[in-house]
Amino acid sequence: MPIVAALVLALAAAMLLLVGRDFFPAIDGGQIQLHVRAPAGTRIESTERIFQAVEDKIREVIPEGERQMIVDNIGLPARAYNLAFTDGSTIGVNDGVILVALKEGHAPTSDYVRRLRQALPAAFPDVTFYFQAADIVTQILNFGLPAQIDVRTVGYDRKTNLRVAKELRQRIAAIPGIADAHLQQEVDAPAFYATIDRTRAAQLGLNANTIATNINVSLSSSEQVTPNFWTDPASGIPYYLAVQTPERSVSSLSDLGNTPVSSGIASGGVPDVPVPGLLSNVATLKRDSVPTNANQTNIQPVYEIYASVQGRDLGSVSNQISKIVADLQKQLSPGNSIQVIGQIQSMNDAFWNLGIGLLFASVFVYLLMVVNYQNFGDPFVVILALPATFCGILTMLFITGTTLNVPSLMGAIMAVGVASANSILLVTFAREQQLAGKTAFESAIEAGHTRIRPVLMTAAAMIVGMIPIAIGGAGEEQNAALARAVIGGLLFATPTTLLIVPYLFAMLRKANDGKAAHGVFDEALE
């Protein structure tokens, strides 16, 4: 019997190394949310053509019989309050989301996602693709982030942090099981910079603010600086009135130089007629790059690397990311740091809290049994039966290809509760028999013989009730993980309760044979 117990514990240790860790199991919701980002500076009409080509490619990968609809959402909302209804990952007119809904009876969504991850970058090498959570459950689990993994550099040393972030992205992308690794911030959008000759501008009665306002009105309309609207009295609908240079008139660098700028100097002595001026008279234009979007946390600039996991558990990936982060942290300036958040942080916090809770629950249950039994030995017999329960949980998770996650940990707590109750039932009966005058060995045999029926009925009822849930269909992955943990734990805990617990009772309590009472206080006095 000790050899069997040792083998069970060795199996548990092996399974713990083989079973991966996740925050929550992936859910097949029958939806795909693909984020598409065209090259920086792409005009919205060109972005629309790229999205149409991407849609055509999606139709090649996903057959029509399994497609319900494809919906595009390109660019930023027209009004700021609409940002409250987006995930905040769209940064400009070159950015957008394609939502694909699948019909009932479709093939696994993860298979289509895997095929699209291979086909789309090959067909559009200059476009960035990454898949976001499409179902509401996973979106909630991401806590507002567009990806499972978010590794970011935080601090005011933008130059060093950006360099480290780019290296971080490359090294994370090289980890097996990582998909869609990309830098969220767009830092190289093409732009024209107008360098103002302030001396020349002052001679014409101009300043930097006046010149900038004229450029802004010409290129972005007067709505940007002096918004006006007119309400139709018939319909009550407000319309924005905006003045803007036609795009055909600013299609070249020389056209931009001909942008008129207001002057404060009168022309020909007429006060109301200013001297006409051009942008090229007071400024020079040059090409450069500019960040499209910027993010902050606690008023500190951040550069974020988003990534997802494919074909591997989150726990093993997080271990490799931790090594990369520890290595690159040395390159940052003092006061700057690298933070790992997203589901990795949530998973570690949840595992820590559940582990601490399970440990304290076991200790409190043990102390409660000590008070009830008035000794430390009988509760110890019950506690020694629990490692076999954990072994069964890990073995079942390994056989079914399920990771150790929050639902399976909740199932583990349920299995431990049922196993403890069965063990307490048997140990209590054996203790009563020993107090009645039987030896520990005879009491253990009698307890096993008498309590076998209620123990088997309790375990069987729980196992049979969990089987339909453990099968798990599409969208039921979370409940399936919980049920599999319960079934595995009870499959190992039940024979342990009927075979090993009586053996442990007979071995540990045989010194009390023939004693009328052997509570903790009586033993202390003897």
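Please read all numbers here as calculations on a predicted model, not as lab measurements.

Participant: I would appreciate a short explanation of the nonpolar core in the present structure.
Facilitator: A general trend in soluble globular proteins is that nonpolar side chains are found buried together. Counting residues in hydrophobic clusters, the biggest one holds 41 residues, and the most contacted among them are Ile149, Val151, Leu168, Ile178, Ile321 and Ile338. Those elements that place two or more of their residues in this core are strand 5 (149-154), helix 5 (158-173), strand 6 (178-183), strand 16 (300-309), helix 10 (314-328), helix 11 (343-373), helix 13 (386-399) and helix 14 (406-435). Residue contributions to this core peak at six residues, all from helix 10. When residues no more than four places from it in sequence are discounted, the contact partners of Ile149 are Ile178, Ile305, Tyr306, Ala307, Val309, Leu314, Val317, Ile321 and Ile344. Core analysis: the next-biggest nonpolar cluster, separate from the first, contains 23 residues, Ile32, Tyr112, Val113 and Ala119 among them.

Participant: How do you make sense of the environment of Gln339 when you look at a structure like this?
Facilitator: Within the fold, Gln339 resides in strand 17 (residues 337-342). Sequence-distant contacts of Gln339, defined by excluding residues within four places in its chain, comprise Asp150, Val151, Arg152 and Val154.

Participant: Just to check I follow, could you spell out the pairing of strand 9 (residues 238-241) for this structure?
Facilitator: Along any regular strand the residues' side chains alternate between the sheet's two faces. The sheet contact formed by strand 8 (residues 228-231) and strand 9 spans four bridges and is antiparallel. When the bridges of strand 9 are listed, Phe229 appears paired with Tyr240. What sits between strand 8 and strand 9 in their antiparallel hairpin is a turn of six residues, with Gly236 showing a positive phi close to 75°.

Participant: Whenever I open this one, helix 15 (residues 440-471) confuses me. Can you help?
Facilitator: Because an α-helix packs 3.6 residues into every turn, residues spaced three or four apart end up facing the same way. Where helix 15 bends most, the angle comes to about 50°, and this point is Arg451, followed within four residues by the proline Pro454. For helix 15, the secondary structure elements touched by its buried residues are helix 14 and helix 16 (477-508). Gly472 lies just past helix 15 and shows a positive phi near 65°.

Participant: For this particular structure, what's the right way to read the pattern of salt bridges?
Facilitator: When the charged atoms of two side chains with opposite charge come close together, those side chains can pair. A complete count under the given rule lists eleven salt bridges for this structure. When the shortest N-O distance is used, the salt bridge between Asp95 and Arg37 registers 3.3 Å. One end of the pair, Asp95, is in strand 3 (residues 95-102); the other, Arg37, is in strand 1 (residues 31-37), with 58 residues separating them in the sequence. The class for Asp95 is buried, based on a relative accessible area of 0%. The exposure class assigned to Arg37 is buried, which follows from its relative accessible area of 5%. When the shortest N-O distance is used, the salt bridge between Asp56 and Arg59 registers 3.6 Å. Of the two residues, Asp56 and Arg59 both sit in helix 2 (residues 44-61), three residues apart, roughly one turn of that helix.

Participant: Can you help me understand the packing of aromatic side chains in this one?
Facilitator: Aromatic ring pairs are reported here in terms of the distance separating the ring centres and the angle at which the planes meet. In the structure shown here, the tally under the stated rule is four aromatic pairs. Considering the side-chain rings of Phe124 and Phe129, the 6.1 Å spacing of their centres and the 55° angle between planes classify their relative orientation as tilted. Given a relative accessible area of 15%, Phe124 falls into the buried group. Exposure remark for Phe129: the relative accessible area of 10% places this residue in the buried category. When the ring of Phe360 is compared with that of Phe364, the centres are 5.8 Å apart and the planes differ by 50°; the resulting orientation is tilted. Note that Phe360 and Phe364 are positioned in helix 11 at a spacing of four residues, about one turn of the helix. Residue Phe364 is classed as exposed on the basis of its relative accessible area of 52%.

Participant: Honestly, the sheet that holds strand 1 in this entry has me stumped. Any pointers?
Facilitator: Across a sheet, strands are paired by hydrogen bonds formed along the backbone, either parallel or antiparallel in direction. A sheet is described by the order of its strands in space; here four strands give the open sequence 2-3-1-4, paired in antiparallel fashion. Looking at the sheet topology across the chains shown, the edges are occupied by strand 2 (67-74) and strand 4 (128-132). Within this sheet the neighbouring strands show an average axis-to-axis angle of 20°, counted without direction. Bridge analysis of strand 1 against strand 3 gives seven bridges, and the strand direction is antiparallel. Counterpart to Gln31 in the pairing with strand 3 is Ala101. Along the sheet, helix 3 (residues 109-123) contacts strand 1, strand 3 and strand 4; its crossing angle with strand 1, the most-contacted strand, is approximately 20°.

The rules behind the values
Residues numbered from 1 in each chain as written. Predicted model: local features only at pLDDT ≥ 70, side-chain atom pairs only at ≥ 80, totals over all residues. Heavy atoms only, no water. Core = buried A, V, L, I, M, F, W, Y, C linked by side-chain atoms within 4.5 Å. Buried < 20%, exposed > 50% of the residue type's maximum accessible area, 1.4 Å probe, protein only. Helix = DSSP H or I, 4+ residues; strand = E, 2+ residues; numbered from the N terminus. Contact = heavy atoms within 4.5 Å. Pairing = 2+ DSSP bridges. Bend = angle between axes of the 7 residues up to and from the residue. Salt bridge = Lys/Arg side-chain N within 4 Å of Asp/Glu carboxyl O. Phe/Tyr/Trp six-rings, centres within 6.5 Å; stacked < 30°, edge-to-face > 60°. Axes fitted to C-alpha atoms, helices over the stretch in contact; angles between N-to-C directions.

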